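Chain and residue survey
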Amino acid sequence: MAPTPPEHELPQYELYAIRYATRPARRSEHFIGGDPHEAPMPMDYFVWAAVGAGRSVVIDTGFTEEMAQKRKRTFLRCPVESLGLVGLDPAAVETVVLTHLHYDHVGNFHRFPRAEFHIQEAEVHFATGRYMRYPQMSHAYEADEVCGVVRLNFQQRVRMYAGPVELAPGITLHPTGGHTAGLQFVRVHTKRGWVVLASDAAHFYENMDADRPFTTAFHVGQMHEAFDALRAAAPSRDHIVPGHDPRVMELYPAPSPELRGAVVRLDVAPRS
Ligand SMILES: [Zn+2]
């Protein structure tokens, strides 16, 4: 990756998290080795958008209502249509980052007719490779969606990377592996400095804070290293945004009162 210019020269993006689904769950589902406190620990589902400097970048595309039914998730709103809540027209979006190819991150790729998709090559290898014969490795992938990304590549609409990359000034992609073989997290420059969208490098704050990896795992050692990589990429812990934690909706402000519960701004400091 080219050296990053000094911070004052970087654009400052508005950064949004859109909560599109949720599910009830228990603590033991979220930590390798289980958890002695068998208490509820619900999981939220998000997509993210960075807007500024004349560009709009969508980070992950969520799943469809049909997939929510199939996988028994509570669908709150269409993640693609919800981009309109932050002023984006999905038909006009040109840049989509896919942190990985799990069903809850890639499900609506067909709803972005103009977009180019940015992903780590290791993730495509993993999702089309030898480990997918094992349900433990493949259960969070949908074969049709993986094939859809392969087709997009034949249409010159996929950019694959073999390492960290500067996607645009103030937006960088960082492969970590661990949860999947080719997971990447995203760092976005905002008015409060660099904000790190962990995606599934940290599902919950607690995974990261307690160094206790989530149960869906390809390489547990890399999951521990991913926590370190998140911390190294962020100015503080409060600049790291976990990928599935309902706390995000409590800590960050909605852009306007009517969007409460649906959208929060991550470029504004969280409640302490
Ligand atoms: Zn996920």
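Anyway, here's the lowdown on the structure attached to this text. (Residues numbered from 1 in each chain as written. Predicted model: local features only at pLDDT ≥ 70, side-chain atom pairs only at ≥ 80, totals over all residues. Heavy atoms only, no water.)

Here we come to the overall build of the chain. Of regular secondary structure, the chain possesses 8 helices and 13 strands. For 272 residues, the compact-globule estimate of 2.2 N^0.38 gives 19 Å, and the C-alpha radius of gyration of the chain, at 17 Å, lies within 12% of that figure. Considering only C-alpha atoms, the chain reaches an extent of 45 × 45 × 40 Å along its principal axes. Counting contacts in the chain only where the partners sit at least 6 residues apart, residues at least 24 apart contribute 66% of the total. Charged side chains of the chain number 27 positive and 32 negative; the gap between the two group centres comes to 3 Å. (Helix = DSSP H or I, 4+ residues; strand = E, 2+ residues; numbered from the N terminus. Rg over C-alpha atoms; globule rule 2.2 N^0.38 Å. Contact = heavy atoms within 4.5 Å. Lys, Arg positive; Asp, Glu negative; His and termini not counted. Charge placed at Lys NZ, Arg CZ, Asp CG, Glu CD.)

The subject of this paragraph is the sheet that holds strand E10 (residues 184-190). What the 5 strands build is an open sheet, ordered E8-E9-E10-E11-E12; its pairing is mixed. Whereas interior strands pair on both sides, the edge strands pair on one side only; in this sheet they are strand E8 (165-168) and strand E12 (240-242). Taking the axes of each pair of neighbouring strands and ignoring which way they run, one obtains an average angle of 25° across the sheet. With 3 bridges connecting them, E8 and strand E9 (residues 171-175) associate as antiparallel partners. Bridge assignment links Val165 to a residue of E9, and that residue is Leu173. (Pairing = 2+ DSSP bridges. Axes fitted to C-alpha atoms, helices over the stretch in contact; angles between N-to-C directions.)

The subject of this paragraph is helix H7 (residues 220-233). Here H7 is 14 residues long and its end C-alpha atoms lie 20 Å apart, about the 20 Å a rise of 1.5 Å per residue gives. Taken together, the buried positions of H7 are occupied by Met223, Ala226, Phe227, Leu230 and Ala233. Angularly, the buried residues of H7 cover 140° about the axis, an arc narrow enough to put them on a single face. In H7, the exposed positions that point more than 90 degrees away from the buried face belong to Glu225 and Ala232. (Expected span 1.5 Å × (residues − 1). Buried < 20%, exposed > 50% of the residue type's maximum accessible area, 1.4 Å probe, protein only. Arc of directions from axis to C-beta.)

The next thing to look at is the pattern of salt bridges. Scanning all chains against the criterion turns up 18 salt bridges. For the salt bridge of Glu142 with Arg71, the shortest nitrogen-to-oxygen distance reads 2.8 Å. Of this pair, Glu142 sits in the loop between helix H4 (135-138) and helix H5 (143-154) while Arg71 is found in the loop between helix H1 (65-70) and strand E4 (74-75), placing the two residues 71 residues apart along the sequence. Per residue, the accessibility class of Glu142 equals that of Arg71, and both read buried. In this structure, Arg247 engages Glu250 in a salt bridge whose closest nitrogen and oxygen atoms are separated by 3.2 Å. Taken together, the residues span about one helical turn, with Arg247 and Glu250 both in helix H8 (residues 247-251) at a distance of 3 residues. Judged by its relative accessible area of 44%, Glu250 is partly exposed. (Salt bridge = Lys/Arg side-chain N within 4 Å of Asp/Glu carboxyl O.)

The next point concerns the nonpolar core. By size, the foremost hydrophobic cluster in this structure holds 49 residues, and its most contacted members are Phe63, Val96, Leu101, Phe112 and Phe117. For this core, the elements supplying multiple residues, two or more each, are strand E1 (14-23), strand E2 (43-52), H1, helix H2 (103-106), strand E6 (116-120), helix H3 (121-127) and H5. Ranked by residues supplied to this core, first place goes to E2 with 5 residues. Discounting residues that sit within four places of it in the chain, Phe112 has contacts with Val58, Thr61, Val80, Leu83, Pro90, Val93, Val96, Phe117 and Arg157. In terms of nonpolar packing, the next biggest core, distinct from the first, is built from 40 residues, Leu15, Phe46, Val97 and Leu266 among them. (Core = buried A, V, L, I, M, F, W, Y, C linked by side-chain atoms within 4.5 Å.)

In terms of residue burial, strand E11 (residues 193-199) counts as a mostly covered element, since 7 of its 7 residues are buried. Across 5 bridges, E10 lies against E11 in antiparallel orientation. Each residue of the ladder has a partner; that of His189, found in E11, is Trp194. Linkage of E10 to E11, two consecutive antiparallel strands, is achieved through a turn of 2 residues. Bridge count for E11 against E12 is 3 bridges, and the pairing is parallel. By the bridge assignment for E12, Ser199 is matched with Pro242.

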